[in-house]
Amino acid sequence: MKKGKIFVVGFGPGATEHITGRALTALQESDYIIGYKTYVELIKHLVTAKSIVSTGMTEEVSRAIDAVKKAEAGGIVSVISSGDSGAYGMAGLVYEVLVEKGWTEAEGIEVEIVPGISAINSCASLLGAPVMHDSCTISLSDHLTPWTVIEKRIEAAGMADFVIALYNPKSGRRTRQIVEAQNILLKYRSPDTPVGLVKSAYRENQHIVLTTLSEMLEHDIGMLTTVIIGNSSTFFYEDKIITPRGYQRKYTLGEGKQRLRPHQRLKKEAEPWALDQETGEAQSGYEEIIRKTPEQAPIQQKEQEQKVQTMDMALKALSLVSKEEVPNPFLVRQPIENIFEFSVSPGVANKMITAEQMRVMAEVVGEKGTLEYTPDHRFLVKVTTDNPEAIVEKLEENHLTVMPAGEVLKVKACDFCYGEKADSIPYAEEIAAKFEGMKLPKQLHVGFNGCGMACYRPVFDDIGIVYRKKKFDLFIGAKPVGRTAHAAQPIAEGIEPEDLIPLVTKIIEEYEQNAHPNERFFKYFKRVKKVLNYDYYDMSCKIEVEPAPCGD
């Protein structure tokens with residue numbers, strides 16, 4: 001079989017003229033293009049791929065998994081990112097998926113990271129020259145990084161006088177982070193520090209605002225905004241933000257003839273502030289980084305330096321006495337937390353949970369974990385642990401069913417009238433045992449009802465099964481939520497018990513193999529128009545309904 005390849009393509013801000021030649025070649029060589037739908041729209045006119053798969057926000061992992069799957073089948077795949085794919089892009093995720101699969105560069109599929117113009121560079125070019133000195137990028141999104149870590153990074157960057165580019169500064173739900181970032185930086189920067197707000201750089205809706213650190217929150221800031229904050233020497237000039245590079249120390253700006261010749265500028269005596277290569281020391285007094293508050297800062301800074309020197313001496317002394325290296329307690333060690341996410345229920349046919357089971361779950365969750373009850377009649381649990389097996393064992397010892405969470409198959413059954421209509425319970429349990437937790441392109445719900453009343457609404461699930469007169473009726477393709485929700489269409493009635501699971505298995509397998517990442521079952525059915533030999537019929541409301549704000 002032909003060996004596939006993955007291009008992870010950064011296409012820059014989006015305008016064709018800012019996409020590199022290598023990126024264009026990679027896109028045009030690809031059989032598949034996979035990316036966030038907004039990004040796909042920006043480049044789809046440039047590609048000739050036989051398949052373009054676009055998915056929504058927060059679905060990056062599924063995009064990476066799908067890309068690897070297609071490449072392993074021999075396809076040439078481009079996974080796209082705006083900006084640079086290696087800076088908050090898809091490059092790392094693709095490698096993470098490959099690492100989990102045991103990929104090796106020698107024998108596995110080929111991977112090429114195609115760089116692009118990052119947001120800090122494209123936005124800086126529109127503002128003037130704000131990133132002419134040491135700079136850093138910090139994402140304010142705390143979905144995957146603890147806010148306490150982000151705070152420390154902002155504090156350190158502010159204290160060290162970095163030019164700072166803030167990514168993901170604000171969203172509909174995350175509104176406080178940019179406020180906290182401003183508060184931290186105002187401890188180290190003048191309120192008049194130049195700030196540039198750039199939204200959708202080099203795109204149709206490009207918007208640029210020049211403001212200051214103290215006034216930046218008075219302007220519109222969103223997920224598509226990059227916030228560039230100058231350092232202590234940054235200034236405004238002719239509607240530009242400019243950060244000096246430091247040449248005024250080596251050059252006499254404004255003079256045609258420079259005081260120092262080129263070969264003299266890098267000599268030791270011309271740079272008294274530089275690190276001495278022999279002693280490892282540098283003269284102080286040239287840094288000019290002053291904390292704005294409090295007034296005692298210079299004294300505190302000197303005291304802090306003395307404390308650090310004393311600590312170094314103490315650690316060296318302890319190491320000599322103990323003959324073992326004593327680690328510095330101030331070294332930053334941010335641990336990678338292992339978060340175990342799973343579902344718990346008392347069983348597919350049981351809706352009752354005992355006080356003892358609740359106590360055990362509370363003990364497992366502890367103070368830092370979370371326990372959420374879901375519409376699927378189960379608890380979603382998130383805990384930090386290095387031993388998930390022990391948690392599963394403890395819960396199962398207390399007669400609780402533990403299931404995977406995420407984009408998996410879920411079985412939801414009725415209560416069988418508290419066991420009075422128990423004839424079909426074995427079939428429900430067999431379906432749960434066979435399919436529950438199966439990894440799929442998108443979460444898929446199988447609803448099961450033990451009588452024709454269908455009171456647990458299986459006809460509003462992706463696959464609905466109703467036990468009636470010792471046989472089964474089957475429904476598929478419901479749209480369970482939204483203002484245009486609709487029931488599933490009936491595809492078969494009177495299915496013999498021995499034929500049910502083979503039929504359901506074929507439907508699930510077809511969806512697993514052919515659906516796009518994050519494509520819900522009803523959307524898949526609507527797109528392909530036929531599942532097995534069952535034709536699609538439009539079950540949606542025929543009365544026109546105004547589109548939802550999200551554009552669904």
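If you're wondering where the values come from, they're calculated on a predicted model, not measured in any experiment.

Turning our attention to a positive patch on the surface. Positive charge collects at one region of the surface, where K37, R520, K523, K526 and K529 lie side by side. Assignment of secondary structure puts R520 in the loop between helix 12 (497-514) and helix 13 (521-528). We classify R520 as partly exposed; its relative accessible area is 37%.

For the pair helix 9 (residues 355-365) and helix 10 (residues 388-397), the least separation of the axes is 10 Å and the interaxial angle reads 170°. Here helix 9 is positioned roughly antiparallel relative to helix 10, judged by the angle of their axes. Residues V360, M361, E363 and V364 of helix 9 touch helix 10, and the partners they reach there are I391, K394 and L395. The residue makeup of the contact of helix 9 with helix 10, split by class, is 5 nonpolar, no polar and 2 charged.

Across all of its chains, the model carries 22 salt bridges by this definition. A salt bridge links E180 to R176; the shortest N-O distance between them is 2.8 Å. As a salt-bridge pair, K394 and E363 come within 2.0 Å of each other at their nearest N and O atoms. Of this pair, K394 sits in helix 10 while E363 sits in helix 9, and the two are 31 residues apart along the sequence. The exposure class assigned to K394 is partly exposed, which follows from its relative accessible area of 29%. Each of K5, R22, E110 and E112 takes part in salt bridges that share partners, so that together they form one network.

It is worth spelling out helix 13 at this point. Turning to helix 13, its buried residues are F521, F522, Y524 and F525. For helix 13, the arc enclosing every buried residue in end-on projection is 160°, short of the 170-degree limit, so these residues lie on one face. Positive phi appears at K529, one or two residues downstream of helix 13, with a value of about 70°.

Our focus in this paragraph is the packing of aromatic side chains. For the coordinates displayed, the defined rule picks out 16 aromatic pairs. Seen from their ring centres, Y36 and Y39 are 5.1 Å apart, and the 85° between their planes marks the pair as edge-to-face. Judged by relative accessible area, which is 14%, Y36 ranks as buried. Plain terms: the ring middles of Y511 and F521 are 5.4 Å apart, the flat faces sit at 65° to each other, and that makes the pair edge-to-face. Of this pair, Y511 sits in helix 12 while F521 is found in helix 13, placing the two residues 10 residues apart along the sequence. The pair formed by Y511 and F521 is uniform in burial state, with each residue classed as buried. Taken together, the ring pairs in this structure connect F416, Y427, F448, Y467 and F472 into an aromatic cluster. The aromatic ring of F460 is capped on one face by R457, whose charged end is 4.5 Å from the ring centroid.

The predicted model of the protein averages 86 in pLDDT, with 85% of residues at 70 or higher. Confidence drops under a pLDDT of 50 for residues 289-300, and excluding neighbours within four residues, the segment shows 13 contacts in the predicted structure.

This brings us to the sheet that holds strand 19 (residues 444-449). Across the sheet, which stays open at both edges, the 5 strands sit in the order 18-19-20-21-22 with mixed pairing between neighbours. The sheet is open, and its two edges are formed by strand 18 (409-413) and strand 22 (489-495), each paired on a single side. Looking at each pair of strands side by side, their axes are set apart by 15° on average, direction ignored. Pairing geometry for strand 21 (residues 471-476) and strand 22, over 4 bridges, is antiparallel.

What follows deals with a nonpolar patch on the surface. On the surface, a nonpolar cluster with roughly 270 Å² of combined accessible area is contributed by M57, M223 and L224. Counting through the fold element by element, M223 comes out in the loop between strand 10 (207-212) and strand 11 (225-229).

This part is about the environment of G230. Looking at the secondary structure, you find G230 in the loop between strand 11 and strand 12 (235-237). For the pair G230 and T193, spaced 37 residues apart in sequence, the C-alpha separation works out to 6.2 Å.

This part takes up the nonpolar core. Residues I431, I463, I465, L474 and I507 are the most contacted members of the largest nonpolar core, which totals 38 residues. Elements represented by at least two residues in this core include exactly strand 18, helix 11 (425-435), strand 19, strand 20 (463-468), strand 21, strand 22, helix 12 and helix 13. At 7 residues, helix 12 tops the list of elements feeding residues into this core. Counting 22 residues, the second-largest nonpolar core is a separate cluster that includes I150, Y188, V195 and V209.

Moving on, we come to unusual backbone geometry. At D239, a position not held by glycine, the phi torsion is positive, near 60°. Considering the arrangement of structural elements, one finds D239 in the loop between strand 12 and strand 13 (240-242). A relative accessible area of 66% means that D239 is categorised as exposed. We note that K470 has phi near 65°; this positive angle belongs to a residue other than glycine.

Moving on, we get to empty space enclosed by the protein. Gaps left between atoms show up when a probe the size of a water molecule is rolled over them. The tally for this structure, following the rule as stated, stands at 1 cavity of 30 Å³ or more. Of the pockets and cavities examined, the largest cavity occupies roughly 40 Å³. By residue class, the composition of the lining of the largest cavity is 5 nonpolar, 2 polar and 1 charged.

A few words on the environment of P115. Tracing the sequence through the fold places P115 in the loop between strand 5 (110-114) and helix 5 (119-127). Accessibility expressed as a relative area gives 52% for P115, which makes it exposed. A sequence separation of 31 residues divides P115 from D84, and the C-alpha atoms of the two residues are 5.3 Å apart. Not counting the four nearest positions on each side in its chain, P115 is found in contact with G10, T20 and D84.

Burial along strand 3 (residues 51-55) is one-sided: the face carrying S51, V53 and T55 is buried and the face carrying I52 and S54 is not. Relative to strand 3, strand 2 (residues 32-36) runs parallel, the two being bridged by 5 bridges. Note on strand 3: the bridge partner recorded for Y36 is T55. A crossover connection joins strand 2 to the parallel strand 3 through helix 2 (residues 37-43); in handedness this β-α-β unit is right-handed.

Bringing the pairing of strand 19 into the picture now. In terms of residue burial, strand 19 counts as a mostly covered element, since 6 of its 6 residues are buried. A two-sided burial pattern is seen for strand 19, the buried positions comprising L444, V446 and F448 on one face and H445, G447 and N449 on the other. With 4 bridges joining them, strand 19 and strand 20 adopt parallel strand pairing. Across the sheet, the residue bridging to G447 is G464, located in strand 20.

Conventions adopted
Note that residues are indexed from 1 along each chain, following the sequence as it is written. Only residues with pLDDT of 70 or above have their local features reported here, since the model is predicted, and side-chain atom pairs are shown and tallied only from 80 upward, although totals for entire chains, interfaces and linings are computed over all residues. Hydrogens and waters are ignored; side-chain quantities use all the structure's heavy atoms. Within this analysis, patches are made of residues with over 30% relative accessible area and no salt bridge. Like charges are joined at 9 Å or less; nonpolar side chains (Val, Leu, Ile, Met, Phe, Trp, Tyr) at 5 Å or less. In short, Shrake-Rupley with a 1.4 Å probe defines the accessible areas, and a residue's cover is counted only from the protein chains shown. Salt-bridge detection follows one rule: a side-chain nitrogen of Lys or Arg within 4 Å of a carboxyl oxygen of Asp or Glu. Here Asp and Glu are counted as negative and Lys and Arg as positive; His is not counted, and neither are the chain ends. For the purpose of locating charges, the reference atoms are NZ of Lys, CZ of Arg, CG of Asp and CD of Glu. A run of DSSP states H or I qualifies as a helix once it reaches four residues; a run of E qualifies as a strand once it reaches two. Both are numbered from the N-terminal end. Burial classes follow relative accessibility: with a 1.4 Å probe on protein chains only, a residue under 20% of its type's maximum area counts as buried, one over 50% as exposed, and anything between as partly exposed. For every element, the axis is a line fit to its C-alpha atoms; helices are fit only across the contacting stretch, and the angle between N-to-C directions ranges from 0 to 180 degrees. Any angle that falls under 35 degrees is termed roughly parallel, while one over 145 is termed roughly antiparallel, one within 65 to 115 roughly perpendicular, and all others oblique. Contacts between residues were defined by any pair of non-hydrogen atoms, one from each residue, lying within 4.5 Å. In this count, Pro and Cys sit with the nonpolar residues alongside Ala, Val, Leu, Ile, Met, Phe, Trp and Tyr, while Asp, Glu, Lys and Arg are called charged and the others, Gly among them, polar. The reported arc concerns the directions from the helix axis to the C-beta atoms and nothing else. What counts as a ring pair is set by centres within 6.5 Å for rings of Phe, Tyr and Trp (its six-membered ring), and what kind of pair is set by the plane angle: stacked under 30 degrees, edge-to-face over 60, tilted for all other angles. Only lysine NZ and arginine CZ atoms are considered, and such an atom sits over a ring when it is within 6 Å of the ring centre and within 35 degrees of the ring normal. Note on scores: pLDDT gives the predictor's confidence for each residue, bounded by 0 and 100. Each pair of strands is called paired provided DSSP finds at least two bridges between the two strands. To qualify as a nonpolar core, a set must consist of buried Ala, Val, Leu, Ile, Met, Phe, Trp, Tyr and Cys residues joined through side-chain atoms within 4.5 Å. Residues are said to line a cavity or pocket when one of their atoms sits within 4 Å of a point; the points come from a 1 Å grid over protein atoms alone, cavities being sets where a 1.4 Å probe fits but cannot get out and pockets being open sets with protein on both sides within 12 Å along at least five of seven lines. Grid points are joined across faces, edges and corners, and a volume is the space filled by probe spheres set on the points. By the criterion used throughout, a crossover qualifies as right-handed when its path from the first strand across the helix to the second strand runs clockwise, the strands pointing away from the viewer.

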